[in-house]
Amino acid sequence: MTDMVERVDTPVHLSYSFVAGFSQQRWLEGLKDGKLLGMRCPECNNVYFPPLGLCALDGASLAGEVPLSGKATVTSFTTVNVPFFGQQMEIPYVLAFILLDGADEVFLYPLLELAVEDVRIGMRVEAQWVSESQHDFTLANIIGFRPIDEPDVELDEVKAYQ
Amino acid sequence: MKRPVAIVGSAQLHNVRSSPLSDAEMLNRVVREAAATVDLNPQTDIGFVCFGSADYLTGVPFSFVRATDCYPAWPPMSESHLEMDGAFALYEAVMRLQHGDIDTALVYSFGKSSLGDLTTVLTLQMDPYFVAPLRPDSISIAALQAALFLAETDHTEEEMANVASANRRRAMSNPFAQLRWDRSVDELLVEPYLVQPLRRHDCPPISDGAAAVVLAVGDRARDLCERPAWIRGIDHRIESQHFGLRDLAHSPSTAAAARNAGADKAPIDVAEIHAPFSHQELIVLDALRLNAGTDINPSGGALAANPIMSAGLLRIIEAAESIISRDADRALAHATSGPCLQQNLVAVLEGD
């Protein structure tokens, strides 16, 4: 019996342009300038970061930029021990839900400069930026979030964002 | 149909070559506008939402998930997505309304055809092992069909030019159309071939657009709209993916869908045909055998604006609006999907 055919290669290469849309455009410009810009929903007042243009809860167009300091609270976290293709960080490392001060939605980001056993829900952190000369239109300007010397936030205060 | 379903409201964006809006921003506009035409609140008054789009067009995996931001998802919504034209999403919504537990549905779709090299992107809908690796671009595939069509039937390049000319002329009175002009058949026929036997005017424009439709059942439809466009019949049929097994010069799937939708039960006043290439309109019309006097593509059809994944839903919207506005009493909408009219949907709409 001949060998079974186990593989057929049919490579595909496609190039696309990207259209940010109105609010993502402002957000990306902000990142290039070293600023974190949230956007507020005019109906429910939630502040989104990253702002994708619309309030995911009520469908209203976001309006009104809200500059955010980069200080934040960890609302949940997990430790990554599994290696995978394309991994950027050395394992083990911590991925956390980050609630920026002044924002109402968390986003997932790695924590830096700490031992995994020291991470706590409610701990205070701040954004660690790449050097200014490397700023581009990307959230990758922020390497991760590192702990700051501020007292933990009570669990009750972040419960809604977990 | 056990429960009569009608189109009661709709909205569409002005079709453009390249939209500065994000996917969700485009959809949000049509969703809000369609709901507003019938005074419904998307958050509380819609029983089911069905959405058609294709991630290959935007080049972003799960772009349809991101695009659902266009719709308020609180309280939690009942939603379904098809990697297909919105016309097929409308079919699913009509079936969903037959369950009897809800009275309204909203269907939307967007096509950002401008982001990639469209003619190459469309090759990826074909057999991934033996056909797609050859990268036959969408215009060449359509040209192969057109050559067969001209050889196997009595139709001519003049008729194709006439289709191109008529659609772009009709588009001059469609505020949402992208490609509009008034040029005679004689002028068009002296143009060089793009891919023989297709000339540039035989091919559709590349369009960014979005559309949304509100559906309602029975008395609810009558409450929401003075003259609902009742969907009296709707069906879709698909042919083989193998070009060699198909009769490319004819469209038996269109004929079957039209028969099952009851198209021939009474004369049709307005027919909206989703034919991206001029010869395809002739193929579809041959299959439909419409009565003389039917007004074909008052909107200008897909030759005037072709937002992939929305162009079929737009045909249903245009047919429905002709009923709602009392321009027509009985209208037919046709939508297609896949290369060379592989899959075809026919809906028959009537006023009270």
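For the structure, check the block above.
These numbers come from a predicted model, not from an experiment.

Thresholds, definitions, all that
- Residues numbered from 1 in each chain as written.
- Chains lettered and ligands numbered in written order.
- Predicted model: local features only at pLDDT ≥ 70, side-chain atom pairs only at ≥ 80, totals over all residues.
- Heavy atoms only, no water.
- Helix = DSSP H or I, 4+ residues; strand = E, 2+ residues; numbered from the N terminus.
- Rg over C-alpha atoms; globule rule 2.2 N^0.38 Å.
- Buried < 20%, exposed > 50% of the residue type's maximum accessible area, 1.4 Å probe, protein only.
- Contact = heavy atoms within 4.5 Å.
- Areas by Shrake-Rupley, 256 points an atom, 1.4 Å probe, with all protein chains shown as cover.
- Lys, Arg positive; Asp, Glu negative; His and termini not counted.
- Charge placed at Lys NZ, Arg CZ, Asp CG, Glu CD.
- Polar contact = N/O pair within 3.5 Å; in protein donor to acceptor, adjacent residues only side chain to side chain.
- Axes fitted to C-alpha atoms, helices over the stretch in contact; angles between N-to-C directions.
- Parallel < 35°, antiparallel > 145°, perpendicular 65-115°, else oblique.
- Nonpolar A, V, L, I, M, F, W, Y, C, P; charged D, E, K, R; others polar.
- Buried area = accessible area lost by both parts, 1.4 Å probe.
- Salt bridge = Lys/Arg side-chain N within 4 Å of Asp/Glu carboxyl O.

The helix and strand inventory of chain B stands at 13 helices and 12 strands. For chain B, whose C-alpha radius of gyration is 19 Å, the value lies close to the compact-globule estimate of 20 Å for 352 residues. On the principal axes, the C-alpha backbone points of chain B span a range of 55 × 45 × 40 Å. Across the 352 residues that make up chain B, the buried fraction comes to 62%. Residue pairs in contact within chain B that sit at least 24 positions apart in sequence constitute 79% of those at least 6 positions apart. Put simply, chain B shows about 13,500 Å² of open surface, and 52% of that area lies on carbon and sulfur atoms. Each charge class in chain B can be summarised by its mean position, and for the 28 positive and 45 negative side chains these summaries are 2 Å apart.

The next point concerns the side chain of E272(B). Residue and element names in this part refer to chain B. Within the fold, E272 resides in strand 9 (residues 270–272). A polar contact is formed between the side chain of E272 and the side chain of S299, at a distance of 2.8 Å. Discounting chain neighbours no more than four positions away, the residues touching E272 are N297, P298, S299, G301, R315, E318, A319, L332, A333 and H334.

Time to look at the packing of helix 4 (residues 86–97) of chain B against helix 13 (residues 311–324) of chain B. Residue and element names in this part refer to chain B. The geometry of helix 4 relative to helix 13 is characterised by a closest axis approach of 6 Å and an angle of 60° between their N-to-C directions. Looking at the two axes, helix 4 sits oblique to helix 13. Judged by residue contacts, G86, A87 and L90 of helix 4 engage G312, L313 and I316 from helix 13. Residues of the contact of helix 4 with helix 13, tallied by class, amount to four nonpolar, two polar and no charged.

Our focus in this paragraph is the interface of chain B and chain A. The partner chain A presents 24 residues to the 33 residues of chain B that form the contact. Of the roughly 2,000 Å² buried at the junction of chain B and chain A (both faces included), carbon and sulfur atoms supply 57%. Contact with chain A buries surface across chain B, with E25(B), D69(B) and L115(B) losing the most and accounting together for 26% of the total. Across the contact surface, chain B and chain A share one salt bridge. Joining chain B to chain A, the criterion identifies nine residue pairs in polar contact (both at pLDDT 80 or more). Elements supplying a minimum of two residues to the side of chain B that touches chain A: helix 1 (23–37), helix 2 (55–58) and helix 5 (118–121) of chain B. The element best represented in the side of chain B that touches chain A is helix 1 of chain B, accounting for five residues. Within the side of chain B that touches chain A, the residues separate by chemical class into 16 nonpolar, nine polar and eight charged.

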